Amino acid sequence: MTRHLLTLDSLGRDGILANLALATDLKSRKGMAQNAIPGGRVGLIFEKPSLRTRVSFTNAAWGLGMLPMTLGTDELQFGKRESIPDTARVLSRYLDALVIRTFQQSLVEELAAHATIPIINALTDDHHPCQALADVMTFQEEFGDFKGLRLAFVGDGNNVCQSLIQAAGYLGFTLAISTPEGYEPKAEIVAAAQANCAVNGGAIELGHDVKAAVRGADAVYTDVWASMGQEKEREERARIFAGYRVDGELMALAAPRAIFLHCLPAHRGDEVTDEVMDGPQSRAFDEAENRWYTEQALLYALITGKDRLPE
Ligand code: CP
Ligand code: NVA
């Protein structure tokens, strides 16, 4: 059966840990493993803007010996020019994997249902699993282990937050989420992760008190207040989220060893201040770099079914 990455549920605990181990190996090789999938081809589709995901997947593919191909959405006309199942069937004849960023999670799932190549979710309105892999790699580099770790997520209970919730459930760390009322993550994603925490350790805590979430945390994470596709809500959200800015005063409540994380792009002055973004606790750019190696490990594992590079 073809393996996909639709949400972190597609990998589970063992798959995530295997991804981190291979990503660490690839990082030590600076992403150069061109004997891994020579002659392979990966398609990249972006129905929303991207900097990191586009460049990191392109680097990842090239470093494995693959040809990365960006497919323009104007040409593809997803679901309009031909059906989604037929698009999936045709691309499966040409490519070894397809990476897609789109709006609805159901589109990624529909592609996966009809493709015979791995489909990789590069962000939907509900999930950003590739981001969460880089995030947990960055924690692991900093702290070594996930046991007993407390991460505070401040802001919108959005796609990034929901993938982190899944990661916390599988890896067993505590995720303390603080959102404005009405911007909480989906209850079913929280409940599923809480069930996983009961087995793996850690917890998912929800609340609206930003200081309570951050106090004693080992890492503080935030994301933009208005995600791609929510541009019209930007002013309204800026009012509602004003108390959820990560600044030096808030960071001072976290543990002395705490790091700051952000998936980027950052809207400096909104969800995070320059002081924090550019300060000594920030690991936001390490996190962006780690997208490359975790995605490279993912491509390799999904395409070959193996967790280790050839000798
Ligand atoms: N963090 C992230 O996914 O960045 P891009 O939107 O630039 O790809
Ligand atoms: N929540 C953000 C993440 C960007 C990487 C968005 O969806 O726009």
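About the criteria used
- Residues numbered from 1 in each chain as written.
- Chains lettered and ligands numbered in written order.
- Predicted model: local features only at pLDDT ≥ 70, side-chain atom pairs only at ≥ 80, totals over all residues.
- Heavy atoms only, no water.
- Near = heavy atom within 4 Å.
- Polar contact = N/O pair within 3.5 Å; in protein donor to acceptor, adjacent residues only side chain to side chain.
- Areas by Shrake-Rupley, 256 points an atom, 1.4 Å probe, with all protein chains shown as cover.
- Nonpolar A, V, L, I, M, F, W, Y, C, P; charged D, E, K, R; others polar.
- Helix = DSSP H or I, 4+ residues; strand = E, 2+ residues; numbered from the N terminus.
- Buried < 20%, exposed > 50% of the residue type's maximum accessible area, 1.4 Å probe, protein only.

Draft legend 1. Expanded view of the site of ligand 2. Around ligand 2 sit Leu123, His128, Asn158, Asn159, Val160, Asp223, Val224, Ser227, Met228 and Leu264, and those are all the residues in its vicinity. In this structure, a nitrogen atom belonging to ligand 2 sits 2.7 Å away from a side-chain N or O atom of Ser227. The contact in question runs from an oxygen atom of ligand 2 to an N or O atom on the backbone of Met228, over 2.8 Å. Look at ligand 2: alone it shows 260 Å² of surface, and the protein chains cover 95% of it. Among the residues forming the shell around ligand 2, the class breakdown is 5 nonpolar, 4 polar and 1 charged.

Draft legend 2. Highlighting unusual backbone geometry. Cis geometry is found at the peptide bond from Leu264 to Pro265, where omega equals 5 degrees. Inspection of the secondary structure puts Pro265 in the loop between strand 9 (259–262) and helix 12 (274–277). Non-glycine residue Gln77 carries a positive phi angle of around 50 degrees. In this structure, Gln77 sits in the loop between helix 3 (73–76) and helix 4 (84–94). Backbone geometry places Leu123, a non-glycine residue, at a positive phi of 120 degrees. Tracing the sequence through the fold places Leu123 in the loop between strand 4 (119–121) and helix 6 (129–143). A residue is classified by how much of its surface remains accessible, and Leu123, at 5% relative accessible area, is buried.

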